[in-house]
Amino acid sequence: MDSIWIQGGKRLEGKIPISGAKNAALALLPCALLTEDKLTLGNLPRLADVDSFGHLLNQLGVSTMIEGVRRGEYGRRMTLHAADIASTVAPYDMVRKMRASILVLGPMLARAGEATVSLPGGCAIGDRPIDLHLQALECLGAEIELAAGYVKATAPNGRLPGGDYSFPVVSVGATENALMAAVLARGRSQLFNAAREPEIVDLCNLLVAMGGQIEGIGSSHLTIDGVEGLHGADYDVMPDRIEAGSYACAAGITGGSIDLVGARADDMRATLNALAQCGLILEFHDNGIKVSADGALKPLALSTAPFPGFATDMQAQFMAMLSLADGESFLEETIFENRYMHVPELRRMGAEVEIHGRSAVVHGIEKLTGAQVMATDLRASMSLILAGLAAEGETEVLRVYHLDRGYERLEEKLSAVGATIERRSTG
Ligand code: EPZ
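Now for a look at the structure at hand. Given the structure is predicted, the values throughout are model-derived calculations rather than measurements.

A few words on unusual backbone geometry. Of note, the bond from Phe307 into Pro308 is cis; its omega dihedral lies within 30 degrees of zero at 10 degrees. Within the fold, Pro308 resides in the loop between β18 (301–303) and α10 (315–322). The phi angle at Asn43 is positive, at roughly 60 degrees, despite the residue not being glycine. Its relative accessible area of 25% is what places Asn43 among the partly exposed residues. Unusually for a residue other than glycine, Asn157 sits at a positive phi of about 60 degrees.

For the rest of this paragraph, the subject is the packing of aromatic side chains. Following the criterion strictly, the structure yields three aromatic pairs and no others. With a centroid separation of 6.4 Å and 75 degrees between ring planes, the pair formed by Tyr247 and Tyr407 is classed as edge-to-face. Of the two residues, Tyr247 is situated in helix α8 (residues 241–254) and Tyr407 in the loop between α13 (401–404) and α14 (410–415); the sequence distance between them amounts to 160 residues. Across the pair, exposure class does not vary: Tyr247 and Tyr407 are buried alike. Measuring from ring centre to ring centre gives 5.0 Å for Phe310 and Phe318, while their planes differ by 90 degrees; the resulting arrangement is edge-to-face. Summarising the burial analysis for this pair, Phe310 and Phe318 share the class buried. The ring of Tyr74 carries the charged tip of Arg409 above its face, separated from the ring centre by 4.2 Å. It is Lys413 that lies over the ring of Tyr74; its NZ or CZ is 4.6 Å from the centre.

Around the ligand sit 23 residues, and of these Asp131, Leu132, Ser171, Asp313 and Ile335 come closest. A distance of 2.6 Å is found between an oxygen atom of the ligand and a backbone nitrogen or oxygen belonging to Ile335. Among the elements of the structure, α1 (22–28), α5 (131–139), α6 (172–182) and α12 (378–390) are those that each provide at least two residues to the shell around the ligand. Looking at the shell around the ligand residue by residue, the classes come out as 11 nonpolar, five polar and seven charged.

About the thresholds
- Position numbers for residues start from 1 in each chain and track the written sequence from start to end.
- Where local features are concerned, this predicted model is filtered to residues with pLDDT of at least 70; where side-chain atom pairs are given and counted, the filter is 80 or more; whole-chain, interface and lining totals use all residues.
- With hydrogens and water set aside, each side-chain value is computed from the structure's full complement of heavy atoms.
- Think of it this way: any DSSP run of H or I at least four residues long counts as a helix, any run of E at least two long counts as a strand, and we number them from the N terminus.
- Summary of the burial criterion: residues with accessible area below 20% of their type's maximum are buried, those above 50% are exposed, and those between are partly exposed, where the area comes from a 1.4 Å probe applied to protein chains only.
- A pair of Phe, Tyr and Trp rings is counted when the ring centres sit within 6.5 Å of each other, with Trp represented by its six-membered ring. The angle between the planes then sorts it: under 30 degrees is stacked, over 60 is edge-to-face, the rest tilted.
- By definition, being over a ring means that NZ of Lys or CZ of Arg is both within 6 Å of the ring centre and within 35 degrees of the ring normal.
- One heavy atom suffices: a residue is near a molecule or strand as soon as one of its heavy atoms comes within 4 Å of it.
- The definition of a polar contact used here is a pair of N or O atoms within 3.5 Å, where within protein one atom must be able to donate a hydrogen and the other to accept one, and adjacent residues in sequence count solely through side-chain atom pairs.
- Basically, the charged four are Asp, Glu, Lys and Arg, the nonpolar ten are Ala, Val, Leu, Ile, Met, Phe, Trp, Tyr, Cys and Pro, and anything else, Gly included, counts as polar.

Below you can see the structure in the form of structure tokens.
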């Protein structure tokens, strides 16, 4: 396993290119199942999860061809082709490694009339059930049966009739599965209280580019008129708003200035507002956003919420930055039940954080001290990297495979803005 070693205390300054969004890519890749034509996706980030998803699609009969990128460039192009669906089963060993595999359920059901997917099981940040995915598909007309740790969905007479579903809780993945199932249904479907994340908009835009008929894109009320078939497309993945927000926190925590090249402001207004409230200076230009520290960090009160609220995927990174703020900050994690796994490790670096259920109080301190720390999940890992960048002395973050799932060439991007950081193999 690899680790990331950092000599902290460097003020970061320069440009960081923002890669394609992991959480958009993982929703766009399964769209290849919806057509017998070729689908080409550009600006794909080079991430473990993207590779894993490609392998899963291969097992289902999708051919994938990826074009490399020249050294120092980012964003790969992948052409996917599901001329036929060779298998409608997503096996446990694949789904276990990456819960986003559940996103083949809707498109496989739409294209092949049936789909069998292993139940994903929980993960470090919570139980993360898929009951909303299944309720939505049932409302679209699917027959659902659960057996031996698998869910089997079947479309009566091979094609979903379509229908209406109102989400009791906003769910990004369940909205995505419902969209990909409804787009080839016989009739009209309506989704109420649907997720509005930019990644959902990216998915809707791709489905429309493939010939899908969707109204209300960007709103919580989506109307999908099923079509007979979808054709291929050539589509670029949106920039990663969470990666951009994470590197913005790197500027804040090190007292630096980082130009987030390619970041899209409209995708991350809540994050940008929080950064400004922390006292950071934001400069918007036509190819991104420059984020600069300007004196002491100000404390904040933050509550995570579905888009357009403050993203849960940004909570751990802000906590790291706020551990050096001038005063007390208050965080509330409303989306996942166990998303404070980074706190014990931050405490080992000197952070003063109290947890009360889903709330956290962060008492700002003068400095963090480097330590050997353990990554537990993707965004927790990033919060430890951020703390290490600011800490006095050396930090080593272990189990960085968590990081490699969501941050493309992290040490390369941070070195380019002055960080003393390297990847080490721990055997
Ligand atoms: C997506 O996960 C993202 N992952 C997550 O990012 C992100 O944190 C999350 O959305 C919220 O924005 C991908 O897009 C691959 P949800 P998802 O369904 O779809 C509960 C990262 O770090 N729920 O919106 O799984 C669920 O337990 C990852 O990049 C049900 O109860 O999230 C959670 O409490 C982490 N039943 C809440 O809803 C269901 O059927 C929101 O989950 C589905 C979800």
